[in-house]
Amino acid sequence: MLGKFFKPKWQHADASVRVKSLASLAGDSMELIKIAQSDPDSDVRMEAITRLHHIPTLVQMGHTAGSIGERARQRVIGLAATDHRHDHLLTEVFAWLQNPALLRSIARDSMRGVKLRHQAIAKLDDQELLFSIASNDTSKEIQYSAAAQIHDLAQLQALEKLHGKNNKRLRQLLKEREDIVQHQHKQQADIDALCAEAETLGNTQRWAQEKTRVKVLEQRWQKISKTANQTQQQRFQQALTDFQQRLQTWETEHTQQQQLQAQQAAEQARLAAEAQQQAEAAAQAQQERLEQEQQREAAARKNRQQQQAQSGSRRFLTPSPHTTLRAASAQGGSSAVGITALDPLILERH
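Conventions we followed
Residues numbered from 1 in each chain as written. Predicted model: local features only at pLDDT ≥ 70, side-chain atom pairs only at ≥ 80, totals over all residues. Heavy atoms only, no water. Helix = DSSP H or I, 4+ residues; strand = E, 2+ residues; numbered from the N terminus. Expected span 1.5 Å × (residues − 1). Buried < 20%, exposed > 50% of the residue type's maximum accessible area, 1.4 Å probe, protein only. Polar contact = N/O pair within 3.5 Å; in protein donor to acceptor, adjacent residues only side chain to side chain. Contact = heavy atoms within 4.5 Å. Core = buried A, V, L, I, M, F, W, Y, C linked by side-chain atoms within 4.5 Å. Axes fitted to C-alpha atoms, helices over the stretch in contact; angles between N-to-C directions. Parallel < 35°, antiparallel > 145°, perpendicular 65-115°, else oblique. Left-handed = near helix turned anticlockwise from the far one by under 90°. Phe/Tyr/Trp six-rings, centres within 6.5 Å; stacked < 30°, edge-to-face > 60°. Lys NZ or Arg CZ within 6 Å of the ring centre and 35° of its normal. pLDDT = per-residue confidence, 0-100. Salt bridge = Lys/Arg side-chain N within 4 Å of Asp/Glu carboxyl O.

> Help me understand helix 13 (residues 168-198) in this model?
Structurally, the α-helix is built with 3.6 residues per turn, so residues lying three or four positions apart point the same way. Between its first and last C-alpha, helix 13 extends 45 Å over 31 residues, near the 45 Å set by a 1.5 Å rise per residue. Those residues of helix 13 that sit buried are Leu170, Leu173, Leu174, Arg177, Ile191, Leu194, Cys195 and Ala198. The N-terminus of helix 13 is capped by asparagine 167, whose side-chain oxygen sits 3.3 Å from the backbone nitrogen of arginine 169.

> What is the right way to read the side chain of serine 145 from this model?
Inspection of the secondary structure assignment puts serine 145 in helix 11 (residues 140-147). Owing to a relative accessible area of 13%, serine 145 belongs among the buried residues under this scheme. A polar atom in the side chain of serine 145 sits 3.1 Å from the side chain of histidine 118. With near-sequence residues (within four places) excluded, serine 145 lies in contact with His118 and Ile121.

> What am I meant to see in the nonpolar core here?
For soluble globular proteins, nonpolar side chains are generally found buried alongside one another. Among the nonpolar cores identified, the biggest contains 48 residues, and Leu90, Leu97 and Ile133 are the most heavily contacted of them. No other element matches helix 6 (residues 66-80), which puts five residues into this core. When residues no more than four places from it in sequence are discounted, the contact partners of isoleucine 133 are Ala107, Arg108, Arg117, Ile121, Leu124, Ile142 and Ala146. One finds Leu201, Leu217, Trp221 and Phe243 within the second-largest nonpolar core, a separate group that totals 15 residues.

> I keep staring at helix 6 and nothing clicks. Help me out?
Here helix 6 spans 22 Å end to end across 15 residues, near enough to the 21 Å set by a 1.5 Å rise per residue. Each element contacted by the buried residues of helix 6 is listed here: helix 4 (42-51), helix 5 (55-62), helix 7 (87-90) and helix 8 (100-108).

> It is not clear to me how the packing of helix 12 (residues 153-163) against helix 13 should be interpreted in this structure. Could you clarify?
How two helices sit against one another is set out by the angle between their axes and by the gap between those axes. Where helix 12 meets helix 13, the closest approach of the two axes is 9 Å, and the angle between their N-to-C directions is 155°. Taken together, the axes of helix 12 and helix 13 lie roughly antiparallel to each other. The chirality of how helix 12 crosses helix 13 is left-handed. The residues of helix 13 that touch helix 12, namely those facing Leu153, Leu156, Gln157, Leu159, Glu160 and His163, are Leu170, Arg171, Leu173, Leu174, Arg177, Glu178 and Val181.

> Looking at this model, I keep getting lost on the packing of helix 13 against helix 14 (residues 207-224). Mind explaining?
As a packed pair, helix 13 and helix 14 sit with axes 11 Å apart at the nearest point and diverge in direction by 160°. When the axes of helix 13 and helix 14 are compared, the pair comes out roughly antiparallel. With respect to the hand of their crossing, helix 13 and helix 14 are arranged in left-handed fashion. Residues Asp190, Ile191, Leu194, Cys195, Glu197 and Ala198 of helix 13 touch helix 14, and the partners they reach there are Arg213, Leu217, Arg220, Trp221 and Ile224.

> I would appreciate a short explanation of the side chain of histidine 163 in the present structure.
For histidine 163, the location among the structural elements is in helix 12. Judged by its relative accessible area of 14%, histidine 163 is buried. Among the polar contacts listed, one links the side chain of histidine 163 to the backbone oxygen of alanine 134, at a separation of 3.2 Å. Setting aside its immediate chain neighbours within four residues, histidine 163 contacts Ala134, Ser135, Gln143 and Leu170.

> Is there a simple way to think about the environment of histidine 54 in this case?
By the secondary structure assignment, histidine 54 is in the loop between helix 4 and helix 5. Distance from histidine 54 to methionine 30, taken between C-alpha atoms, is 9.6 Å for residues 24 residues apart in sequence. Not counting chain neighbours up to four residues away, the residues in contact with histidine 54 comprise Gly27, Asp28 and Ile33. Polar side-chain contacts of histidine 54 include one of 2.6 Å to the side chain of threonine 57.

> How should I be thinking about the packing of aromatic side chains in this particular structure?
Given two aromatic rings, one states the distance between the centres and the angle between the planes to describe the pair. Summed over all chains, the structure comprises three aromatic pairs. An aromatic cluster of at least three residues, connected via ring pairs, comprises Trp207, Phe243 and Trp250. Seen from the ring of tyrosine 144, arginine 169 lies directly overhead, with NZ or CZ sitting 3.7 Å from the centre.

> Sorry, what's going on with the confidence of the model for the protein here?
Detailed reading of the predicted model is not advised wherever pLDDT is low. Mean pLDDT over the protein works out to 88, with 88% of the residues at or above the 70 mark. Taken as a whole, residues 333-350 scores under 50 in pLDDT and shows six contacts with residues more than four places along the chain or in a different chain.

> Explain unusual backbone geometry here, please?
Trans peptide bonds make up the majority, and among non-glycine residues the majority have a negative phi. Unlike most non-glycine residues, glutamine 205 shows phi in positive territory, near 65°. As for its position among the elements, glutamine 205 is in the loop between helix 13 and helix 14. Classification of glutamine 205 as partly exposed rests on a relative accessible area of 47%.

> Can you walk me through the environment of threonine 227 in this structure?
Topologically, threonine 227 is positioned in the loop between helix 14 and helix 15 (230-317). Using a relative accessible area of 33% as the deciding quantity, one classes threonine 227 as partly exposed. Once residues within four sequence positions are removed from consideration, threonine 227 is found in contact with Gln187, Gln188, Ile191 and Gln232. A polar atom in the side chain of threonine 227 sits 2.9 Å from the backbone oxygen of isoleucine 224.

> Would you explain the pattern of salt bridges in this entry?
If charged atoms from side chains of opposite charge come close, those side chains can pair. Scanning the entire structure with this criterion turns up 16 salt bridges. Where arginine 235 meets glutamate 199, a salt bridge forms, and the shortest distance between an N and an O atom there is 2.9 Å. Here arginine 235, found in helix 15, pairs with glutamate 199, found in the loop between helix 13 and helix 14; they are 36 residues apart in sequence, far enough to count as distant. Judged by its relative accessible area of 30%, arginine 235 is partly exposed.

Here is the structure:
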């Protein structure tokens, strides 16, 4: 009966009284858990969460929205640094635990859960801390986990000497890293060689072949350029720029030379055509002179033939000198004197 009249202060109707009573409750008591979960006053619940040490309850409440859930998540973060009993739960809400100091604390603490430590180590970028953990921790899994985050090959080689005899995964990790480094060195050498080859573009002056070669070099560059550093990127691009400028200069000069050759060819063709025309005109004139000469010769032959024909007609009509002489002789000697006096032309014909 008396219990109905004497309730504990954390059940008091006045919220301010309930808040003050929270100090008397243990951090993991059922009463404090109940208040944090279901008190009708949000301020009382917020204060109860602040005092609560029971991580399972806080994780459950942290999944809720609003200020209650936010306060519960913050309380989990605050307790995670020292409470080792519920590391398996903390792995489920590891996304809440992004405080750098908290992650370093969990990573180096050998008393923490292995899975939680793996998660914390994976978030670290402190190379000295990672090397310290890999060197000093007794867990082979943690040694490997920390070593996997180390970038420096010399540190990995030191760890392999320290733990490699008893840690097969650590030996394998070193071998893989050495292979990667060797591959990277080869890639860098290939990139430098490609840059050097690009810098020879145009040296042969075989521009048609060089235009094909630059395309091949660009295709090769696309395959390896992702691993090229800024200096190499600039070197290759500068080589291409220099080549394009030289190519453009050659193409301009080549075009001008072709135009000049075309003009010269056209002029030569014109001169050849004129010479041909002159030769044809001379040949035609020569042909005309020859024809005229042939015509004159033909006319001369015709004229001689006509003269000969006329001359023959006159001989037929004129008495023969022999007949004249015989007649004169018959008439007497006085006629002989007359014969001597004949026209010499007549005598000459006969």
